[in-house]
Amino acid sequence: MKRKIFWLLLISLSLIADFSLPFTWGLVATLPIVVISWWVAYRSGWFS
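For clarity, every value in this text was computed on a predicted model and none was experimentally measured.

What counts, and at which threshold
Residues numbered from 1 in each chain as written. Predicted model: local features only at pLDDT ≥ 70, side-chain atom pairs only at ≥ 80, totals over all residues. Heavy atoms only, no water. Core = buried A, V, L, I, M, F, W, Y, C linked by side-chain atoms within 4.5 Å. Buried < 20%, exposed > 50% of the residue type's maximum accessible area, 1.4 Å probe, protein only. Helix = DSSP H or I, 4+ residues; strand = E, 2+ residues; numbered from the N terminus. Phe/Tyr/Trp six-rings, centres within 6.5 Å; stacked < 30°, edge-to-face > 60°. Patch = residues over 30% accessible without salt bridge, like charges linked within 9 Å, V, L, I, M, F, W, Y side chains within 5 Å. Areas by Shrake-Rupley, 256 points an atom, 1.4 Å probe, with all protein chains shown as cover. Salt bridge = Lys/Arg side-chain N within 4 Å of Asp/Glu carboxyl O. Expected span 1.5 Å × (residues − 1). Arc of directions from axis to C-beta. Contact = heavy atoms within 4.5 Å.

Enquirer: How would you summarise the nonpolar core if you had to cite specific residues and measurements?
Expert: Among the nonpolar cores identified, the biggest contains seven residues, and these are I5, F6, L10, A17, A29, I33 and A41. Secondary-structure elements contributing two or more residues to this core are α1 (2-20) and α3 (30-43). Broken down by element, this core gets its largest block of residues, four residues, from α1.

Enquirer: Explain the packing of aromatic side chains to me, and be specific about the residues and the numbers.
Expert: The full count for this structure, using the stated rule, is three aromatic pairs. Aromatic side chains F6 and W7 sit 5.2 Å apart centroid to centroid with 75° between the ring planes, which places their arrangement in the edge-to-face category. Judged by its relative accessible area of 12%, F6 is buried. The class of W7 is partly exposed, set by a relative accessible area of 44%. Relative to Y42, the ring of F6 has its centre 6.2 Å away and its plane inclined at 50°; by these criteria the two rings are tilted. Residue F6 is located in helix α1, and its partner Y42 is located in helix α3; the two are separated by 36 residues in the primary sequence. You can call Y42 partly exposed: its relative accessible area is 36%. Three or more aromatic residues joined by ring pairs form one cluster here, namely F6, W7 and Y42.

Enquirer: Which residues make up a nonpolar patch on the surface, and what values go with them?
Expert: A cluster of nonpolar side chains, W38, W39, Y42, W46 and F47, forms an exposed patch at the surface whose accessible area comes to about 580 Å². Tracing the chain through its elements places W46 in the segment after α3. Judged by its relative accessible area of 57%, W46 falls in the exposed class.

Enquirer: Quick rundown of α1? Include the residues and the values.
Expert: For α1, with 19 residues, the first-to-last C-alpha span of 27 Å sits near the 27 Å given by 1.5 Å per residue. Buried within α1 we find I5, F6, L10, S14 and A17. What you see down the axis of α1 is that its buried residues fit within an arc of 145°, all on one side. Of the residues in α1, the exposed ones pointing more than 90 degrees away from the buried face are K4, L8, I16, F19 and S20. Buried-residue contacts for α1 involve α2 (23-28) and α3.

See below:
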């Protein structure tokens, strides 16, 4: 379940960043998106 939430968040936030930001900022925003998705899915305890 956590893996599905991680990938769902990662893909959805990445798509939002890609369409709303210029190309270089979309690439730069990828690392924080990965960290946020990982934290929400695995560390926050919301989906335990």
